Amino acid sequence: MASKPPAGDPVQDAPQVRPPKRAAAGIPAIAHTLRIAHQQMGIGRTARTLLKVNQKDGFDCPGCAWPEGDHRHTAEFCENGAKAVAEEATLRRVTPEFFAAHPVSDLADRSGYWLGQQGRITQPMLLERAAGTAAGSLSGGSPPHGARHDGDRHDDSGHDDSGHDGDHYRPVSWERAFAIIAEELTALDSPDEALFYTSGRTSNETAFLLQLFAREFGTNNLPDCSNMCHESSGSALNETIGIGKGSVFLEDLHQADLIIVAGQNPGTNHPRMLSALEQAKKAGAKIISVNPLPEAGLERFKNPQTPRGLSKGAALNDLFLQIRLGGDQALFRLLNRLILETPGAVDEAFVRDHTHGYEEFTAAARAADWDETLTATGLERADIEQALTLVLASQRTIVCWAMGLTQHKHSVQTIREVVNFLLLRGNIGRPGAGVCPVRGHSNVQGDRTMGIFERPAPAFLDALDKEFGITSPRHHGYDVVRSIEALRDGRAKVFIAMGGNFVAATPDTHVTEAAMRRARLTVHVSTKLNRSHVVTGTRALILPTLGRTDKDIQAGVRQIVTVEDSMGMVHASRGNLPPASPHLLSEPAIVARLARAVLGPGSATPWEEFEKDYANIRDRIARVVPGFEDFNARVAHPGGFALPHGPRDERRFPTATGKANFTAAPVEFPYLPEGRLLLQTLRSHDQYNTTIYGLDDRYRGIKGGRRVVLVNAQDAAGLGLADGSYADLISEWKDGVERRAPGFRVVHYPTARGCAAAYYPETNVLVPLGATADSSNTPASKSVVVRFEPAGRAP
Ligand SMILES: Nc1nc2c(c(=O)[nH]1)N[C@H]1C(S)=C(S)[C@@H](COP(=O)(O)OP(=O)(O)OC[C@H]3O[C@@H](n4cnc5c(=O)[nH]c(N)nc54)[C@H](O)[C@@H]3O)O[C@H]1N2
Ligand SMILES: Nc1nc2c(c(=O)[nH]1)N[C@H]1C(S)=C(S)[C@@H](COP(=O)(O)OP(=O)(O)OC[C@H]3O[C@@H](n4cnc5c(=O)[nH]c(N)nc54)[C@H](O)[C@@H]3O)O[C@H]1N2
Ligand SMILES: [Mo]
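Reading the values: the criteria
- Residues numbered from 1 in each chain as written.
- Chains lettered and ligands numbered in written order.
- Predicted model: local features only at pLDDT ≥ 70, side-chain atom pairs only at ≥ 80, totals over all residues.
- Heavy atoms only, no water.
- Helix = DSSP H or I, 4+ residues; strand = E, 2+ residues; numbered from the N terminus.
- Buried < 20%, exposed > 50% of the residue type's maximum accessible area, 1.4 Å probe, protein only.
- Contact = heavy atoms within 4.5 Å.
- Near = heavy atom within 4 Å.
- Polar contact = N/O pair within 3.5 Å; in protein donor to acceptor, adjacent residues only side chain to side chain.
- Nonpolar A, V, L, I, M, F, W, Y, C, P; charged D, E, K, R; others polar.
- Domains from an automatic or database assignment.
- Areas by Shrake-Rupley, 256 points an atom, 1.4 Å probe, with all protein chains shown as cover.
- Pairing = 2+ DSSP bridges.
- Axes fitted to C-alpha atoms, helices over the stretch in contact; angles between N-to-C directions.
- Phe/Tyr/Trp six-rings, centres within 6.5 Å; stacked < 30°, edge-to-face > 60°.
- Buried area = accessible area lost by both parts, 1.4 Å probe.
- Core = buried A, V, L, I, M, F, W, Y, C linked by side-chain atoms within 4.5 Å.

(A) Local environment of the environment of Pro 473. The residue Pro 473 is located in the loop between α22 (458–468) and α23 (480–488) in this model. Accessibility expressed as a relative area gives 10% for Pro 473, which makes it buried. Separated by 259 residues in the primary sequence, Pro 473 and Ala 214 place their C-alpha atoms 9.7 Å from one another. Those residues in contact with Pro 473 that sit more than four places away from it in its chain are Arg 215, Gly 218, Thr 219, Asn 220 and Leu 461.

Here it is, written out as structure tokens:
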């Protein structure tokens, strides 16, 4: 059965395709930035914001978690950072009049791109769905079981006096909004029926308050975007080196002999990393990229900060290993065998003094098989031998990775094998060497440090309890996937999100949306409109908040917030723009008022003091979270401070064995049945996760549309998929449920054999809720087995 793509809004999805680019940045990046910035912000604001990004007295770029160097250009230029800023500092507004003109059923038919383009939300808004109605039709041909309630207590609030017709958001006062949340939360049978989701833009101060509130309320249900992101890295690193964070500073990249970039597309997602790679190369480093796709940024970088960059640019890659999706564990395992077989290649002293589990590991590694590895990776023998030469020539090796390694069933095993690889040659805890999981959201790492975690360490809870005189629950809470299951099964009834776009970012869209519609109350603290505002519980609140670029004044005092970057550096962020509307509250203020409304006078926590001055929050963080001693004084230092990291600082490994652990998991790689391809769901150049800035993916040659699927021409020939034809993607999973994403334009593209790629979130509908990584439970959104069915004519 062929079907058309969902007709969303005036934006026609009719992609044009050209050959992919071979270089990133350069003049087109500047031109593109200025165009988007000007459209969203006008000239004055463009100048005021873009000059303040990542400056010592400015705001932290809301784009990515890549660190800032100590030497800063007046405006360290980054196209996608600028787009993130423009998106937030936009002059467009979503007002109560907008909601009056657009019923939820209309908004539910719009694309995420259209919703985001409407601008900043200006006032708190309330939706009260009438009993038994589906507020908002499900777009995309989803099953008609959207609105189903527990049937027991919706609609009986006694406050339905404001003309609520179940299909319009209406303005609501902050006071009333908090009263509604308090009413719903206190009516729950157990605090564990509430979910508190956090997206990684949230500041340390807000995150700390939110987890404190949730635990004082009585639950560890603190799912966060990290569950879908670097959770596999955290799991693997905690077990092997004793801390779930990267072990390098920016300077280490500059000093490395060899940098391996595996499963990451920095040209789009961490553009400032290209400057670091360029600098490393200048100092003599070699770079290997491991990726099914030849990503432009890794091929050639035209640094817009240098005259040379504006013309020719610099080649970055020394070796491109075009690996099959999910082949990385096999690759690193074989490299480990080859290192073991090379006399003198192992750092014997490091292994003896600092590691555990070597015997078991070497037994497994020696059994690594060439044929199996070539099948798993799709590489040639010569590729791997060339990689080995570079590995053996390097005294200081760093492995960087992102979602290409973390979003597979066997991701944790894969990252553990990367750790084995680095341990073998002593590449942890010395300059120029180490693990470098490159984080996504600008403060996702900090949120975890602040205690946003459904499985908190007992020591953290002990410190929290002691400081606040509370008794935090000790049983684990739900992560993202388990939260969806709990909503689906009626075990969770209230969903509160600090940022993010839960229903669009999570897997199995139809299942997730139906689950969300079963909630009694859904609450989103947001800056911009998104899909999660229109797929709601019986009651829904949108609480608009200040963003990073906005000036935050409390009790007459200008506030700062703090963030932690991908390399464990903590620093201040200070917005400088007048807020998008006078009705906005800051995130810390929202949590503090919410806590007061819910916990009432029974709470001894000084929520009011916290709202008045965030320095009061930092004083408490300093007493609860290790590494933050003297927080307020140290964050006043320009550039901030580094958090301690045992393995990096002193080769101290706080694991169960007290050593760095080698591990020996069996090698796995995805199995692909005949006539199927393995699909990865990834980002285009014009998006920030579920926020779509535009419809182009410039480096990959795609223009004016997002429903494209990149397929190797030889695979396409075998499957009868002509370039320019349209196909439905159908994912195959053991539950036998048909998951279909209709109407994708086939693009013949130089990806690895057997693999395909298409954008997220359009393809999240294909990722089964049960398809997650072992131990980290991260959705396996980079290995979805799909078949193709012709979709008739182009839309
Ligand atoms: N502009 C912009 N910046 C962003 C984001 C954004 O959406 N837009 N998102 C932010 C967030 S939250 C995150 S987590 C990061 C994400 O940063 P990335 O991880 O770079 O993001 P993806 O687009 O998912 O790209 C995955 C990359 O891994 C490759 N890959 C996929 N599967 C495999 C595999 O099995 N093996 C190997 N070796 N490679 C593989 C893909 O081809 C692709 O190059 O970026 C952050 N920064
Ligand atoms: N198939 C597939 N699914 C994926 C991924 C994938 O690669 N493939 N990647 C996963 C990853 S790595 C991640 S991190 C998640 C992302 O999941 P999320 O973090 O939930 O999603 P975002 O799209 O980043 O959230 C965007 C929304 O955040 C709100 N927002 C923006 N700035 C602020 C702010 O300052 N404060 C507040 N309160 N709100 C703000 C805006 O309303 C905006 O619409 O998606 C995951 N999902
Ligand atoms: Mo992420």
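(B) Quick peek at the site of ligand 1. In the region of ligand 1, 31 residues are neighbours, and Asn 291, Glu 295, Asp 328, Gln 687 and Asn 689 sit closest. At a separation of 2.8 Å, an oxygen atom of ligand 1 approaches a polar backbone atom of Asn 265. Breaking the shell around ligand 1 down by element, the ones donating at least two residues are α10 (266–269), α19 (403–406), β25 (677–682) and β26 (687–688). When its residues are assigned to classes, the shell around ligand 1 shows 11 nonpolar, 16 polar and four charged. Of the domains in this structure, domain 2 (232–438) and domain 3 (677–790) are the two that each give at least three residues to the shell around ligand 1.

(C) Structural context of the site of ligand 2. In the vicinity of ligand 2 there are 30 residues, among which Tyr 197, Ser 199, Ala 505, Glu 587 and Thr 690 approach most closely. Contact between ligand 2 and Thr 690: an oxygen atom at 2.5 Å from a side-chain N or O atom of the residue. In this structure, Lys 782 approaches ligand 2 through a side-chain N or O atom, which is 3.1 Å from an oxygen atom. Protein chains bury 96% of the 940 Å² of accessible surface belonging to ligand 2 in isolation.

(D) Expanded view of the sheet that holds strand β7 (residues 194–198). Across the sheet, which stays open at both edges, the six strands sit in the order β6-β5-β18-β17-β16-β7 with mixed pairing between neighbours. Here the strands that pair on one side only, and so sit at the sheet edges, are β6 (170–171) and β7. Here strand β5 (residues 125–128) runs beside β6; their pairing, made up of two bridges, is antiparallel. Along β6, the bridge assignment pairs Leu 126 with Arg 170. Sitting on the sheet, helix α7 (residues 204–217) touches β7 and β16 (494–498), and the angle it makes with β7 is about 170°.

(E) How the structure looks around the packing of aromatic side chains. Inspection of the entire model under this criterion finds 20 aromatic pairs. Ring geometry for Tyr 197 against Phe 502: centres 5.0 Å apart, planes inclined by 80°, an arrangement best described as edge-to-face. With Tyr 197 in strand β7 and Phe 502 in helix α24 (residues 502–505), this residue pair connects regions lying 305 residues apart in the sequence. Phe 502 matches Tyr 197 in its accessibility class, with the two residues each being buried.

(F) Representation of the domain arrangement of the protein chain. For the protein chain, the domain assignment lists domain 1 (16–88), domain 2 (232–438) and domain 3 (677–790). Each partner contributes to the interface: domain 1 provides 21 residues, whereas domain 3 provides 15 residues. Surface buried jointly by domain 1 and domain 3 totals about 1500 Å² across both partners, of which 51% is contributed by carbon and sulfur atoms. Three residues, Gln 16, Val 17 and Pro 20, lead the burial of domain 1 against domain 3; their summed loss comes to 31% of the area buried on that side.

(G) View of unusual backbone geometry. Residue Pro 761 is bonded to the preceding Tyr 760 through a cis peptide linkage, with omega at 5°. In this structure, Pro 761 sits in the loop between β32 (755–759) and β33 (784–790). A positive phi angle, near 60°, is found at Asp 630, a position not held by glycine. Checked against the element boundaries, Asp 630 lands in the loop between α28 (614–624) and α29 (631–635). Given a relative accessible area of 55%, Asp 630 falls into the exposed group. Even without being a glycine, Ser 775 presents a positive backbone phi close to 60°. We classify Ser 775 as exposed; its relative accessible area is 54%.

(H) Spotlight on helix α8 (residues 231–241). For α8, the buried fraction is high: nine of the 11 residues fall into the buried class. Among the residues making up α8, those that are buried are Glu 231, Ser 232, Ser 233, Gly 234, Ser 235, Ala 236, Leu 237, Thr 240 and Ile 241. Of the residues trailing α8, Gly 242 is marked for its positive phi of about 90°.

(I) A look at the pairing of strand β21 (residues 561–564). What you see with β21 is no split at all: Val 561 and Val 563 on one side and Thr 562 and Glu 564 on the other are buried throughout. Where β21 lies against strand β22 (residues 569–573), four bridges are found, and the strand directions are antiparallel. When the bridges of β22 are listed, Val 563 appears paired with His 571. The loop that links β21 with its antiparallel partner β22 comprises four residues; one of these, Gly 568, has a positive phi angle of about 75°.

(J) Main features of the nonpolar core. With 61 residues, the main nonpolar core has Ile 181, Leu 185, Phe 196, Phe 213, Leu 541 and Leu 543 as its most contacted residues. Within the second largest apolar cluster, 50 residues are counted, among which are Trp 370, Leu 390, Phe 653 and Ala 660.

(K) Fine view of the pairing of β33. Counting buried positions along β33 gives five out of seven residues, so the element sits mostly inside the fold. Inspection of the sheet shows β25 paired to β33 by three bridges, in the antiparallel sense. Within β33, the position partnered with Leu 679 by the bridge is Val 784. Note that strand β30 (residues 726–731) and β33 share five bridges and pair antiparallel. Along β33, the bridge assignment pairs Ala 727 with Pro 790.

(L) Region of the structure containing the side chain of Asn 204. As for its position among the elements, Asn 204 is in helix α7. Engagement of the side chain of Asn 204 in a polar contact is seen with the side chain of Asn 443, the distance being 3.2 Å. Of the polar contacts made by the side chain of Asn 204, one reaches the side chain of Thr 562; its length is 3.0 Å. Beyond its immediate chain neighbours, meaning those up to four positions away, Asn 204 contacts Asn 443, Gly 446, Asp 447, Met 450, Thr 562, Val 563, Glu 564, Val 570 and Ile 621.

(M) Local environment of the environment of Phe 460. Note on placement: Phe 460 falls in helix α22. Sequence separation between Phe 460 and Gly 81 is 379 residues, and the spatial gap between their C-alpha atoms is 34 Å. Filtering out sequence-adjacent residues up to four positions away, Phe 460 remains in contact with Gln 211, Arg 215, Thr 449, Met 450, Gly 451, Val 624 and Val 625.

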